[in-house]
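Residue-level listing of the chains:
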Amino acid sequence: MAGVVNRSFVADDGPVPDNKTNTSTATNGSAPVAADGTVDTTSTGSGEREKWDNGVEFLLSCIAMSVGLGNVWKFPSTAFRNGGGAFVIPYMIVLLIVGRPVYYLEMVMGQFSSRGSVKVYDVSPVMRGIGVGQMIAMSIVISYYAATIAVAIRYFAASFSGELPWATCDPSWTDVNCINSSDITAKSSIINSTLPVKTSAELYYTRAVTGEDFLVGDEIGLPEWKLGLCLLFIWVCMTFMLIKGIKGSGKISYFLALFPYVVMLFFAIYAFTLEGAMDGLLYFIKPEWDQLLNPTVWKEAVSQCFFSLSICFGGVIAYSSFNNFSNNIYRDAMIISWLDTFTSLLSGAIVFAIIGHLGFITNETDYAKVVYPGSGLTFITYPDAIAKFEHVPNLFALLFFFMLFVLGIGSNTGIITSVVTAIRDEFPQLQNWKVVLTISVLGFSTGFLFITPASSRLIDYVDYYGVTYVTLTLAVAELFCFCWMYGVDRICRDIEFMLAIQTSILWRVCWKYITPTVILLILIITFITGGKPAGFADEYHALGWCIYALAVLPLPLWGMYVVARQPKGTIWKKLVSASQPLPEWGPENLALKKKYDDYIDDIRCAGSRNVIQRFFTGRVKTYSVNV
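Cut-offs and rules
The numbering scheme is per chain: residues are counted from 1 as the chain's sequence reads. Given that this is a predicted model, residues contribute local features only at a pLDDT of at least 70 and side-chain atom pairs are listed and counted only at 80 or more, while totals for whole chains, interfaces and linings are drawn from all residues. In computing side-chain values, all of the structure's heavy atoms are included and hydrogens and water are not. The pairing test for Phe, Tyr and Trp rings, Trp by its six-membered ring, is centres within 6.5 Å, and the orientation test on the planes gives stacked under 30 degrees, edge-to-face over 60, and tilted for anything in between. Runs of E in the DSSP output that reach at least two residues are strands. Runs of H or I that reach at least four are helices, and both are numbered from the N terminus. For every residue, the accessible area (1.4 Å probe, protein chains only) is compared with the maximum for its type, and the residue is labelled buried under 20%, exposed over 50%, or partly exposed between those bounds. Only when the NZ of Lys or the CZ of Arg is both within 6 Å of the ring centre and within 35 degrees of the ring normal is a charge said to sit over the ring. We call two residues in contact whenever any of their non-hydrogen atoms come within 4.5 Å of each other. The predictor attaches a confidence to each residue, and that confidence, scored 0 to 100, is pLDDT. Pairs of cysteine sulfur atoms within 2.5 Å are identified as disulfides in what follows.

This next bit is on the packing of aromatic side chains. Counted under the stated rule, the structure contains 54 aromatic pairs. Where Phe75 meets Phe87, the ring centres are 5.9 Å apart and the plane angle is 55°; that geometry is what we call tilted. Residue Phe75 is located in helix 2 (residues 69-81), and its partner Phe87 is located in helix 3 (residues 85-113); the two are separated by 12 residues in the primary sequence. Each member of the pair, Phe75 together with Phe87, is buried. Ring centres of Phe497 and Tyr599 lie 5.1 Å apart, and the angle between their planes is 40°; this geometry places the pair in the tilted category. Here Phe497, found in helix 15 (residues 455-499), pairs with Tyr599, found in helix 20 (residues 590-606); they are 102 residues apart in sequence, far enough to count as distant. Pair check on accessibility: Phe497 and Tyr599 agree, each one buried. Feature note: the residues Tyr155, Trp166, Tyr204, Tyr205, Phe266, Phe267, Tyr270, Phe379, Phe396, Phe400 and Phe401 constitute an aromatic cluster, connected by ring pairs. The side chain of Lys512 reaches across the aromatic face of Trp484, ending 5.1 Å from its centre.

Our next topic: the side chain of Thr341. Within the secondary structure, Thr341 is located in helix 11 (residues 329-361). When sequence neighbours within four positions are dropped, the list of residues in contact with Thr341 reads Met92 and Leu95.

A low pLDDT score tells you not to read the predicted coordinates there in detail. Scored by pLDDT, the chain comes out at a mean of 80, with 83% of its residues at no less than 70. By mean pLDDT, the top-scoring element of the chain is helix 18 (residues 554-564) (93), and the lowest-scoring one is strand 1 (residues 2-4) (46). Low pLDDT, under 50, characterises residues 618-627; the predicted model gives this stretch 59 contacts beyond four residues in sequence or across chains.

On to the state of the cysteines, then. Evaluation of the coordinates by the stated rule reveals one disulfide. At a sulfur-sulfur separation of 2.0 Å, the disulfide partner of Cys169 is Cys178. An S-S torsion of about -95° defines the bridge between Cys169 and Cys178 as left-handed. For the unlinked cysteine Cys312, the closest cysteine sulfur is that of Cys305, found at 9.1 Å.

Below, the structure written as structure tokens:
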């Protein structure tokens, strides 16, 4: 989909100017310029942001951010809820036409401009409200994501018990027919009972961990103190990881990105050898072609794609903004997007293999009666399955919940980094540790809301109104801003200047037409068919739409503010002026910025003779920018 071009390409308007000067340093505080005309950015000018120590740290940090609970928990849950194989094909198609194009686009915009998720909209100041809205959505995710990790730590600590505490029933659970999760035959003896039948794993989660079963009506309840300690532990860990900026988080990314794969491969070897596992795998990979016409499945596929790749949240832009200017992000985007797909499919295969095994040992072919999706898949179904393992169930429990901890930390670190970056881009005088500490205190405080007995309902509620709708809405605006207001031709021109890569017609068509259209259609379908979160009165749903408005309103309000500040003229002229890139838009390094401005001037001088050529190849002339 892309090809490498020679940076000494000669445009129709004449030869490339000779850049081989003897200048050893650049003026105006820019980086030194070598004798061959290339820019040396090892010595940066004043005000330039810190960089990743190497490309591997950036790649692994992006993997740690993108490959998380969305792959290990949400993908199998969504696939199960949508019929297994009926979901996989739409998901793969959406990844190709939505996920990968958006991921690559956000990497390009972040690395080219060295700006975070808010300041990147210097490309079109009237649209800066997009970044503000995404930062609000990210702040919501930070709070409940950390609380979810706290539950995983609670289970991890409980796994050190001599016997898994959720494997057998507590004697006090007398109001239900409790069956031991470790007992594979107990169901058959209580089928005719008039009392409800629940497993010990489910009761342990709803009574011993969250206390959800003890709620009455719309009560929220008080936070559970053990979960509070786990939440504190999570935030202390993330604070120490982030307090030194990307230098600290980059080093630990080696572990955060690689360890989960060791555990998943370990689980895969075990799960695929279980009796009945092949039946579950067949259910996972066998397509149901009629479901391709079901709009709900496509809506779920797009939502899952956004969640698993962490696109349109600002994190990808923030991480890319710390790259060296010529880092090969095309390669990185392809590696990360395909690895994310592989991780989702591997996680799905493991889960469905375990489900097939549970169906075999309980003599149940209807898998909907064996497990149920949602939050229970992580903290009820997995523990129930692990309790049935014949060999070292404690070891499997420790590995699994520690893996959830690592995955959650990696993803949440990326989200927090994007918020820190956005704040420090606007207020560079603020020290990094002060911003991180403030976010940690606020995140820990608001996180108490999500470790209450009503946490499952509250997470669904804020995710529905404050994340899902907000992300889809702002994704449409983001693509409109980058691909229509700034323009695909300009993006391809910037890519060639930065990477010496021609952008193929396939990427261009996706960015300009296919990807925005698909996301807009999914947003419309979501508004029409989306159901309200259960367990809340109508007045609470009105509050939910206020949360949505809080995140989306910065877009029109900021736009009106920027337009009003433009020089005198008609409204249309002010709007056009506010939509144009700021004069400082471009590479952060001053010497590179000068070369980039010259590059743009040469393209303009080429005139209409190169219009057709630029549409298909995006190039007229390139410059030597070895960085």
